[in-house]
Amino acid sequence: MNAQRVARKSFLQGCRDSLPVCLTFLFLFSSIGALASKAGFSLLQATAMTLTVHAAPLQALIVQQSDTLGVAALLVATVLVNFRFVIMSSVLAEQFQHISLGRSLLSAQLLSISTFTLSNRCSTGPGDAYAYYLGCGITTLGCAIAATAAGHLIGASPSAQLAQLVAIILPVHFTALACHAAGGNRALQATVAGFVLTPLIGGPLGSLHVLVVPLGIAALLCAMDARSQGDAS
Amino acid sequence: MNGWTLIGTAAAASYLMRSIPLLVFRRLSLRRDSPAIRFLQHAASAVMGSVIYLALFGEAFFARPAAHLQDTDGLLKLAIVMFAGALALWRRSVFIPLIACTALYAAALLLGAG
């Protein structure tokens, strides 16, 4: 099979695999669209925000606190809420080193927790990982923009029970993906540790848990890796 | 700040956080098993755990972690996610746990367990 066909197949696979994420995004971003409408953002502003910010927690913060947020507060919030993008982008940069800088920078906007999780899972497979990432990213971002516009136009959030049901899809999907992540047992250990330590560190340190939990766990597991290598040699 | 300034500031900062590592790691030729890459892989997996936790519970239990065990809906969500993990490892599938656990949670909500 030639490279173009592999890339096309991987792209379509990425589109298909991101459908559960799209279902969640449909509800998540329609809620953000409805909130944006109530907060006085125009349809163009709401959809432009989803296209350019592409991070639901930060968007929710912006629309809910648009009257009180200053530049410094917004920048600090962005760094804290979106710090995980730095880690995820670093991992993907290593995987996509063969892609030209221009294409990498253009597709950087497609990076989200969902696209990273899906792409990182298939990074060791036989397909074209970059085409797969594009398939996931274009599908989910397109769905997020459409849902934001729909939410803004309709101006209503889903019912509480439906929202509760939809809210379980993302964690269940991510849990299943984490169980298949590249990296085997260590990756699973890091995921479980991240899950357990988030409330324990988040209590005393607040938003700083976004930085402290992943970096602390990574340092600990690297030390354990080094120790087990030392014992083996 | 007006709406466009807020959006522009957040967009620029978010894009920089996504793109700077692409520029930095392009200049470093690191092997996949190098300590720096392993560190980032571990950190990314820990982020996943964090995201799963926050998607389930938000920050509601940060001040009182023991309250997880007193909240029926919290315990139900925790059980569903653990079942999803076990099912994913057993069946080597993403789709089966997704459908089974969502259906299970929907049934529990209908029966009023949540």
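Going along each chain's sequence as written, the residues are numbered from 1 onward. Each chain is given a letter, starting from A, and each ligand a number, starting from 1, according to the order in which they appear as written. For a predicted model such as this one, the threshold for reporting local features is a pLDDT of at least 70, and the threshold for listing and counting side-chain atom pairs is 80 or more; totals across whole chains, interfaces and linings nevertheless cover every residue.

Draft legend 1. View of the overall build of chain B. Looking only at helices and strands, chain B features four helices and zero strands. Element order for chain B, N to C, with α for helix and β for strand: α-α-α-α. We take the radius of gyration over the C-alpha atoms and set the globule estimate at 2.2 Å times the residue count to the 0.38 power. In terms of overall size, chain B is more extended than a compact globule, its C-alpha atoms giving a radius of gyration of 20 Å where 114 residues would be expected to give roughly 13 Å. Overall, the C-alpha framework of chain B stretches about 55 × 45 × 30 Å when taken along its three principal axes. Exposed residues have 12 or fewer other C-beta atoms within 10 Å of their own C-beta, buried residues have 20 or more, and partly exposed residues fall in between, where C-beta atoms are placed from the backbone. Out of the 114 residues in chain B, the part that is buried amounts to 39%. Counting from the N terminus, the helices are the DSSP runs of H or I reaching at least four residues and the strands are the DSSP runs of E reaching at least two.

Draft legend 2. Quick peek at the overall build of chain A. Looking only at helices and strands, one finds eleven helices and zero strands in chain A. The N-to-C order of helical and strand elements in chain A reads α-α-α-α-α-α-α-α-α-α-α. Scaling as 2.2 N^0.38, a compact globule of 233 residues should have a C-alpha radius of gyration of about 17 Å, and chain A matches this with 19 Å. Overall, chain A is about 65 × 55 × 35 Å in size when its C-alpha atoms are taken along their principal axes.

Draft legend 3. Structural detail: the packing of helix α9 (residues 160-178) of chain A against helix α2 (residues 35-57) of chain B. The contact between α9 of chain A and α2 of chain B brings their axes to 9 Å, and the two run at 160°. Taken together, α9 of chain A and α2 of chain B sit at an angle that is classed as roughly antiparallel. In this structure, α9 of chain A crosses over α2 of chain B, and the sense of that crossing is left-handed. Together, Leu 170, Pro 171, Phe 174, Thr 175 and Ala 178 of chain A of α9 of chain A and Met 48, Val 51, Ile 52, Ala 55 and Leu 56 of chain B of α2 of chain B make up the contact between the two elements. Residue classes follow a fixed rule: Ala, Val, Leu, Ile, Met, Phe, Trp, Tyr, Cys and Pro count as nonpolar, while Asp, Glu, Lys and Arg count as charged, and any other residue, Gly among them, counts as polar. Here the residues of the contact of α9 of chain A with α2 of chain B sort into nine nonpolar, one polar and no charged. An axis is simply a line fitted to the C-alpha atoms; with a helix, the fit covers only the stretch in contact. Between two such axes, the angle follows the N-to-C directions and lies from 0 to 180 degrees. Relative orientations are named as follows: roughly parallel for angles under 35 degrees, roughly antiparallel for angles over 145 degrees, roughly perpendicular for angles from 65 to 115 degrees, and oblique for any other angle. Handedness of a crossing follows from how the near helix is turned relative to the far one, being left-handed for an anticlockwise turn of less than a right angle and right-handed for a clockwise one. Each residue is represented by a C-beta atom placed from its backbone, and any two residues with such atoms within 7 Å are regarded as in contact.

Draft legend 4. View of α9 of chain A. One less than the residue count of a helix, multiplied by 1.5 Å, gives the span that helix is expected to have. When the terminal C-alpha atoms of α9 of chain A are compared, their 28 Å separation across 19 residues agrees well with the 27 Å that a helix rising 1.5 Å per residue should span. Those residues of α9 of chain A not exposed but buried are Ile 168, Ile 169, Leu 170, Pro 171, Val 172, His 173, Phe 174, Thr 175, Ala 176, Leu 177 and Ala 178 of chain A.

Draft legend 5. Region of the structure containing the nonpolar core. In terms of nonpolar packing, the biggest core is built from 95 residues, with Val 172 of chain A together with Ala 10 and Ile 52 of chain B touching the most fellow members. Ranked by the residues each element gives to this core, the list is headed by α2 of chain B, at twelve residues. Every residue in contact with Val 172 of chain A, bar those within four places of it in the chain, is listed here: Ile 80, Val 81, Ala 84, Pro 97, Leu 98, Cys 101 and Thr 102 of chain B. The term nonpolar core refers to a set of buried Ala, Val, Leu, Ile, Met, Phe, Trp, Tyr and Cys residues connected through C-beta atoms within 7 Å.

Draft legend 6. Representation of the domain arrangement of chain A. Residue and element names in this part refer to chain A. Each assigned domain of chain A is listed here: domain 1 (3-165) and domain 2 (183-233). These domain boundaries are the output of an automatic or database domain assignment. With centres defined by C-alpha atoms, the gap from domain 1 to domain 2 works out at 25 Å. On the domain 2 side, the residues contacting the four residues of domain 1 number four residues. Within the side of domain 1 that touches domain 2, the residues separate by chemical class into three nonpolar, no polar and one charged.

Draft legend 7. Geometry of unusual backbone geometry. Residues and elements named next belong to chain A. The phi dihedral of His 54 is positive, around 50°, even though this residue is not glycine. As for its position among the elements, His 54 is in the loop between α3 (43-52) and α4 (56-64). With 26 C-beta atoms packed within 10 Å, His 54 lands in the buried category.

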